[in-house]
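The chain contents come next:
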Amino acid sequence: MRDQSHRPSFRADLEDGALVELARSARVESDVIDALRELSRRRSPERLGVARGILADAKRSRRLRATAAVELGTEALPENQRLLIKAMVSEDSTVSIRALQSLGRIGDKGALSKLEALEIPAAPNARQAISFAKSLISYRLRLDTHLLRPPAANRYVAVSDSGTFAIMSPKRGEVDKAIRDTALSLPAVLLAKTGATKLQCGRMEYVLAIAEAFRTLRATATICEKSALPCVLLRKDLALDRYVLDTYVFTQPAIGGDGVRLLGVRPKGDIVYGGTGSIADGQASFTLRSVKTRLAPAIDVEGSYDLRARSWRFGRARVGQTVSAGKSSAKRLGDRHEVTSGDS
């Protein structure tokens, strides 16, 4: 048995160069993974070269190559994309799924074309990974293809035994921290430091942040014309004292041209919220409710966002005391070529 007392500390006592050497040459798999993760935590520029070498080496274990694929999805660089495209057809499903998930976060139109050419696999996890990677790229790039199907009316849950969650202006520095903490999870989505609001339900804290591309009235009005990813919900992990990506908020024009449909989707493609929205007189109004899922609490929200003042107003903000029932996963729609908070 290996003497665990001699395992190096990956937190403080090794410089980046030593971690790189360990990740490239260590014989113990857990040492390689710990070294790569520490390089990632430090956001060392060396981490991507290490991850590329691991992912490209077919002799490495599936766990190592899957970890490397996740790391390459934290920077929207052409070389990362090229390796992920190659890895997405790996014979190992774990590596393939991680590569697909990363490709959804950083892929461009060329990557989408490669995804569209893939044969749809029989395995549900792989099938969803391919499907959601295509959708995420499409919403990010506003291509109006690979849209997700909004939940049917009978999929929504009523909010019983409800309480309310608080909506407030973030404290100084909270939005900056949330954006900084989640930058690697949103490598191709720049978030604005203004226009965010803070939500609190019990001990749980969230920041609802606007994408920089939708800061202006003119830009936001275009969500009535094309699908988009205008904002995200970031959740504070209290144990780690850092924010993580909780939910993408996708929008797409409603069929028939009557406003927009909103979808709250978890990072792996599970639809947890749905609703409607409209834009008039500088106000983006919306409703949002939970679908039947074990992945999120039941909510019932009605509010608006003032596009000029960049402030939020909630007329209704109810949350259930328990999670919703059932499960929900992303389904295909098909392709089409009185509380206010201000800025931080």
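Rules behind the numbers
- Residue numbering note: each chain is counted from 1, following its sequence as written.
- Note on the predicted model: pLDDT of at least 70 is required for a residue's local features to be given, and 80 or more for side-chain atom pairs to be given and counted; whole-chain, interface and lining totals, by contrast, use all residues.
- Only heavy atoms go into the side-chain values, all of them from the structure, while hydrogens and water stay out.
- Secondary structure elements follow DSSP: runs of H or I no shorter than four residues count as helices, runs of E no shorter than two count as strands, and numbering proceeds from the N terminus.
- Exposure classes here rest on a 1.4 Å probe applied to the protein chains alone. A residue is buried below 20% of its type maximum, exposed above 50%, and partly exposed in between.
- Surface accessibility follows the Shrake-Rupley procedure with a 1.4 Å probe radius. Residue values consider only the protein chains on display as shielding.
- Helix axes use the C-alpha atoms of the stretch in contact, all axes being lines fitted to C-alpha atoms, and the angles between their N-to-C directions lie in the range 0 to 180 degrees.
- For any helix crossing, the convention is left-handed if the near helix is rotated counterclockwise from the far helix by under a right angle, and right-handed if that rotation is clockwise.
- Note on contacts: a residue pair is in contact if any heavy atoms of the two residues lie within 4.5 Å.
- By arc we mean the arc of the directions from the helix axis to the C-beta atoms, nothing more.
- The span one expects for a helix is its residue count, reduced by one, times 1.5 Å.
- Whether two strands pair comes down to DSSP finding at least two bridges between them.
- Side-chain atoms alone can form a polar contact between residues adjacent in sequence; in general such a contact is a pair of N or O atoms within 3.5 Å, and within protein one must be able to donate a hydrogen while the other accepts it.
- Ring pairs shown here join Phe, Tyr and Trp side chains whose ring centres sit within 6.5 Å, with only the six-membered ring taken for Trp; geometry is labelled stacked below 30 degrees between planes, edge-to-face above 60, and tilted in between.
- pLDDT gives the predictor's per-residue confidence on a scale running from 0 to 100.

**Thoughts on the overall build of the chain**
And then number 1: Looking only at helices and strands, one finds ten helices and 14 strands in the chain.
And then number 2: Counting only residues that meet the buried cut, the chain has 51% of its 344 residues in that class.
And then number 3: Here the chain has roughly 16800 Å² of accessible surface; of this, 51% comes from carbon and sulfur atoms.

**Side note on unusual backbone geometry**
And then number 1: In this structure, H146 is a non-glycine residue whose phi angle is positive, near 55 degrees.
And then number 2: Positionally, H146 belongs in the loop between α8 (124-141) and β1 (147-148).
And then number 3: A positive phi is found at R310, a non-glycine position, where the angle reads about 55 degrees.
And then number 4: Note that R310 resides in the loop between β11 (297-306) and β12 (311-323).

**Re the packing of helix α2 (residues 29-42) against helix α3 (residues 47-56)**
A pair of packed helices is characterised by two quantities: the angle between their axes and the separation of those axes.
And then number 1: Packing of α2 against α3 brings their axes to within 9 Å, and their N-to-C directions diverge by 145 degrees. Here the hand of the crossing between α2 and α3 comes out left-handed. Seen from α2, the contacting residues are V32, L36, L39 and S40; seen from α3, they are R47, V50, A51 and I54.

**Brief notes about helix α1 (residues 16-25)**
Working note: α-helix, 3.6 residues per turn, so residues spaced by three or four point in the same direction.
And then number 1: When α1 is considered as a whole, its buried residues turn out to be L19, V20, L22 and A23. The buried side chains of α1 occupy one side of the element, clustering within an arc of 165 degrees when seen end-on.
And then number 2: Of the surrounding secondary structure, the elements contacted by the buried residues of α1 are α2 and α3.

**Here we look at α8**
And then number 1: Between its first and last C-alpha atoms α8 spans 26 Å; for 18 residues at 1.5 Å apiece the expected length is 26 Å, and the two agree.
And then number 2: Of all 18 residues that make up α8, 13 are buried, and the element is covered over most of its length.
And then number 3: Looking one or two places after α8, you find R142, whose phi comes out positive at around 60 degrees.

**Observations regarding the environment of R52**
And then number 1: Mapping R52 onto the fold places it in helix α3.
And then number 2: On the basis of relative accessible area, R52 is assigned to the partly exposed category, the value being 22%.
And then number 3: For the pair R52 and R65, spaced 13 residues apart in sequence, the C-alpha to C-alpha distance is 9.1 Å.
And then number 4: Residues in contact with R52, not counting those within four places in the same chain, are L72, L77, E79, N80 and L83.

**Brief notes about the pairing of strand β5 (residues 204-210)**
When a strand is regular, its side chains alternate between the sheet's two faces.
And then number 1: β5 sits mainly inside the fold: six of its seven residues count as buried.
And then number 2: Across five bridges, strand β4 (residues 197-201) lies against β5 in antiparallel orientation. Among the inter-strand pairings, C201 is bridged to a residue of β5, identified as M204.
And then number 3: Linking two consecutive strands that pair antiparallel, namely β4 and β5, is a turn of two residues; a positive phi of about 65 degrees is found at G202 within it.
And then number 4: Relative to strand β6 (residues 228-237), β5 is paired through five bridges, and the arrangement is antiparallel. Residue L208 lies in a different strand from β6, and its bridge partner there is L233.

**Quick word on the side chain of S90**
And then number 1: With respect to the helices, strands and loops of the structure, S90 is situated in the loop between α5 (78-87) and α6 (93-106).
And then number 2: In this structure the side chain of S90 is engaged in a polar contact, spanning 3.1 Å, whose partner is the backbone nitrogen of D92.
And then number 3: In contact with S90, other than residues within four places in its own chain, are R65, V95 and S96.

**With respect to the packing of aromatic side chains**
And then number 1: The tally for this structure, following the rule as stated, stands at eight aromatic pairs.
And then number 2: Note on F286 and F314: the rings are 5.9 Å apart at their centroids and 80 degrees apart in plane angle, and the pair reads as edge-to-face. Note that F286 is positioned in strand β10 (residues 283-290) and F314 in strand β12, a separation of 28 residues in sequence. Each of the two residues, F286 as well as F314, counts as buried.
And then number 3: Their ring planes at 25 degrees and their centres at 6.2 Å tell us that W312 and F314 sit as a pair that is stacked. With respect to burial, W312 and F314 carry one shared label: buried.
And then number 4: Linked through ring pairs, F132, Y139, Y248 and F250 together constitute an aromatic cluster.

**A look at the confidence of the model for the chain**
And then number 1: For the chain, the mean per-residue pLDDT works out to 88, and 89% of the residues sit at or above 70.
And then number 2: Below a pLDDT of 50 lies the segment residues 1-8, which in the model reaches eight contacts outside its immediate sequence neighbourhood of four places, other chains included.
And then number 3: The low-confidence segment residues 326-344 (pLDDT under 50) makes 81 contacts with residues lying over four places distant or belonging to another chain.

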